[in-house]
Amino acid sequence: MTIAARRATTSWGETYRLLSERAIAQGDLIADLDPDVVGVLLQELTAGVHIVAVGTETMDQMAARMERAWYFLLPSLVPPEKLSYFREFAARRLRRYVV
């Protein structure tokens, strides 16, 4: 891995960790989650969806794949009473990237 790639990976990982920490503190993620673990999970999910889209030459399907991943991941991250809101939010945000 190049130095630039390592820095980008570290930077994104730290960003996801900090966002996870904030979301847990605000009650948007389940209270007993570990922000380090959630941060790595989110980084890997995002990278994985991108890698599959590039590798299969289906970048046009990346937003739909990401929406599907969020749909199935959210129940393990957010409190049950917030699940429908976050599923709708994720779908709405990702639709901005569909051409």
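Conventions we followed
Residues numbered from 1 in each chain as written. Predicted model: local features only at pLDDT ≥ 70, side-chain atom pairs only at ≥ 80, totals over all residues. Heavy atoms only, no water. Helix = DSSP H or I, 4+ residues; strand = E, 2+ residues; numbered from the N terminus. Buried < 20%, exposed > 50% of the residue type's maximum accessible area, 1.4 Å probe, protein only. Contact = heavy atoms within 4.5 Å. Expected span 1.5 Å × (residues − 1). Arc of directions from axis to C-beta. Polar contact = N/O pair within 3.5 Å; in protein donor to acceptor, adjacent residues only side chain to side chain. Core = buried A, V, L, I, M, F, W, Y, C linked by side-chain atoms within 4.5 Å. 1 Å grid on protein atoms, 1.4 Å probe; cavity = no way out; pocket = protein on both sides within 12 Å on 5 of 7 lines; lining within 4 Å. Points joined across faces, edges and corners; volume = space filled by probe spheres on them. Nonpolar A, V, L, I, M, F, W, Y, C, P; charged D, E, K, R; others polar. Axes fitted to C-alpha atoms, helices over the stretch in contact; angles between N-to-C directions. Parallel < 35°, antiparallel > 145°, perpendicular 65-115°, else oblique.

Points about the side chain of T58
Looking at the secondary structure, you find T58 in the loop between α2 (35-55) and α3 (62-73). Given a relative accessible area of 14%, T58 falls into the buried group. Non-local contacts of T58, meaning those with residues more than four positions away in its chain, are made with V52, A53 and R65.

Some words on α2
Its 21 residues place the ends of α2 30 Å apart at the C-alpha level, agreeing with the 30 Å of an ideal helix rising 1.5 Å per residue. Buried within α2 we find P35, V38, G39, L42, Q43, L45, V49 and A53. Seen along its axis, α2 keeps its buried residues to an arc of 155°; they face one direction. Residues of α2 that are exposed and point more than 90 degrees away from the buried face comprise V37, E44, I51 and G55.

Regarding the side chain of S20
Considering the arrangement of structural elements, one finds S20 in helix α1 (residues 3-25). At 2.8 Å, the side chain of S20 forms a polar contact with the backbone oxygen of Y16. Sequence-distant contacts of S20, that is, excluding residues within four places in its chain, are made with L29, P35, V38, G39 and L42.

Concerning the nonpolar core
With 17 residues, the main nonpolar core has L29, L42, L45, L77 and V78 as its most contacted residues. Elements with a minimum of two residues in this core: α1, α2, α3 and α4 (83-95). Excluding residues within four positions of it along the chain, L45 makes contact with M66, A69, W70 and L73.

Re the layout of surface pockets
For the largest pocket, the calculated volume is near 980 Å³. What lines the largest pocket is a set of 29 residues, and nearest its centre among them are Y16, L42, W70, F89 and A90. Mapped by element, the contributors of at least two residues to the lining of the largest pocket are α1, α2, α3 and α4. Sort the elements by how many residues they give to the lining of the largest pocket and α1 lands first, with 7 residues. When the residues that make up the lining of the largest pocket are grouped by side-chain class, the tally is 21 nonpolar, 4 polar and 4 charged.

Concerning the packing of α3 against α4
Describing two packed helices takes the angle between their axes plus the distance from one axis to the other. Put simply, α3 and α4 touch, their axes get as near as 9 Å, and they point 170° apart. Taken as axis vectors, α3 and α4 run roughly antiparallel relative to one another. Across the interface between the two elements, A63, M66, E67, W70 and Y71 from α3 touch R87, A90, A91 and L94 from α4. Looking at the contact of α3 with α4 residue by residue, the class counts come to 7 nonpolar, no polar and 2 charged.

Scope: geometric values only; no functional claims are made or implied.
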